[in-house]
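# Working through the structure, step by step
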Amino acid sequence: MFRGGGFLRPAPPIPLPLPQPITNAQQEVEIGVALDTLMEFDFRGRFMTHFLRDVVAIYLDHPNPVIRTKAALACSKLLVAQGEPPPIRGVHGEMVCDLLNQLLQIATTDPDKEVRRQVLVSLDSRFDYFLAQAQNLRAIFLLLNDECFEIRVLCVTMLGRLSNFNPARILPWMRRTLMQVLTALEFSHDQGLKEEGASLLGCLVKAGDSMVVPYIKPILKTLITPIKHPSNDIAVSTCALQALGELAIVGGASMEEYVAELIPLIIEAINPNPTFNTSMREAALKTLGHLIQATAFAVRPYTLFPHLLDHLLSILRSNASWG
């Protein structure tokens, strides 16, 4: 206008093309090295959400499971830096939530169980605020039925951690899972399923904390059976003893009325027996310590069972390693 010409409207900005994922097999090694190198940098104090969304997240659907895993780990590591509060509002908060949804989709739907496991491990306490939201909990609840036992254990541990943020939605699911595990452990005839059930029960007790206190009696009823009959399956009995130790820690003084019934079973598992392996005896010793510590019965077990002290001292004098 100052030069005497007419008014010219500015042209719209030209969008830059987003990078496309490289699928050439010869370049997959370079992609993996690039993702590993990216995770080595310290980006604290900087928001990486745009970069992760536009550059890294495109490899979450890569056909190579190794690339998918590294892309997911890079997203989880750089999305929120260790020791820094996550952005929960504004554009960055929305982008963190969107990327987290993508990671949860991988954790629940990826065909490779190792990819699912590593993604789930990477979703630590930095993301608790987002993970405890209802839309994300629905995806996490699906992991309770994952075919991989380790993933189910990780899911139970995560739910126990998130129950402090959203107990109204999480605790009913944990109670339901607890009832399912008790039923499977009591009525299943598959020893492998019973071993997994006993281990998962210990994780549920540890993660559920005060939630399991009202269920101490049915839990004990289910655990006592494999402990009484270890010859049926040593692995199941060992896992049941470990779960009993976790229950003693959580139950505390509520376990006092069961001490007289439980200690003879634990002592029987500690006694030298060719049927019992070292793992079972170690689990029994630790469980005995947890039970005595929780109930504050420091002297009573030795008065009720006079040979217990001599036996424990003989174990200490032996050459066995108790870990």
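Everything in this summary refers to the structure shown in the same document. (Residues numbered from 1 in each chain as written. Predicted model: local features only at pLDDT ≥ 70, side-chain atom pairs only at ≥ 80, totals over all residues. Heavy atoms only, no water.)

### Some points on the layout of surface pockets
- The space that makes up the largest pocket amounts to roughly 310 Å³.
- Residue lining of the largest pocket: 16 residues in total, with Leu144, Arg152, Gln180, Val181 and Leu200 positioned closest to the centre.
- At the level of secondary structure, the elements contributing two or more residues to the lining of the largest pocket comprise helix 9 (167–187) and helix 10 (191–208).
- The element best represented in the lining of the largest pocket is helix 9, accounting for six residues.
- Grouping the constituent residues of the lining of the largest pocket by class yields seven nonpolar, five polar and four charged.
- Space inside the second largest pocket adds up to approximately 260 Å³.
- Lining the second largest pocket are 19 residues, and of these Phe43, Arg44, Leu78, Val80 and Ala81 lie nearest its centre.
- The element contributing the most residues to the lining of the second largest pocket is helix 3 (residues 65–79), with three residues. (1 Å grid on protein atoms, 1.4 Å probe; cavity = no way out; pocket = protein on both sides within 12 Å on 5 of 7 lines; lining within 4 Å. Points joined across faces, edges and corners; volume = space filled by probe spheres on them. Helix = DSSP H or I, 4+ residues; strand = E, 2+ residues; numbered from the N terminus. Nonpolar A, V, L, I, M, F, W, Y, C, P; charged D, E, K, R; others polar.)

### Concerning the environment of isoleucine 234
- Within the secondary structure, isoleucine 234 is located in helix 12 (residues 234–251).
- Measuring from C-alpha to C-alpha, the distance between isoleucine 234 and asparagine 277 comes to 7.6 Å, with 43 residues separating the pair along the chain.

### Comments concerning the pattern of salt bridges
- This model, assessed by the stated rule, comprises eleven salt bridges.
- Two residues, arginine 116 and glutamate 147, come together in a salt bridge whose shortest N-O distance is 3.6 Å. On the criterion of sequence distance, the pair formed by arginine 116 in helix 5 (residues 113–122) and glutamate 147 in the loop between helix 7 (134–142) and helix 8 (149–162) is long-range, its members being 31 residues apart.
- The closest approach of N and O atoms between aspartate 128 and arginine 161, which form a salt bridge, is 2.9 Å. In this pair, aspartate 128 is assigned in helix 6 (residues 128–131) and arginine 161 in helix 8, connecting sequence segments 33 residues apart.
- Taken together, the salt bridges that share partners define one network made up of Glu114, Arg117 and Glu150. (Salt bridge = Lys/Arg side-chain N within 4 Å of Asp/Glu carboxyl O.)

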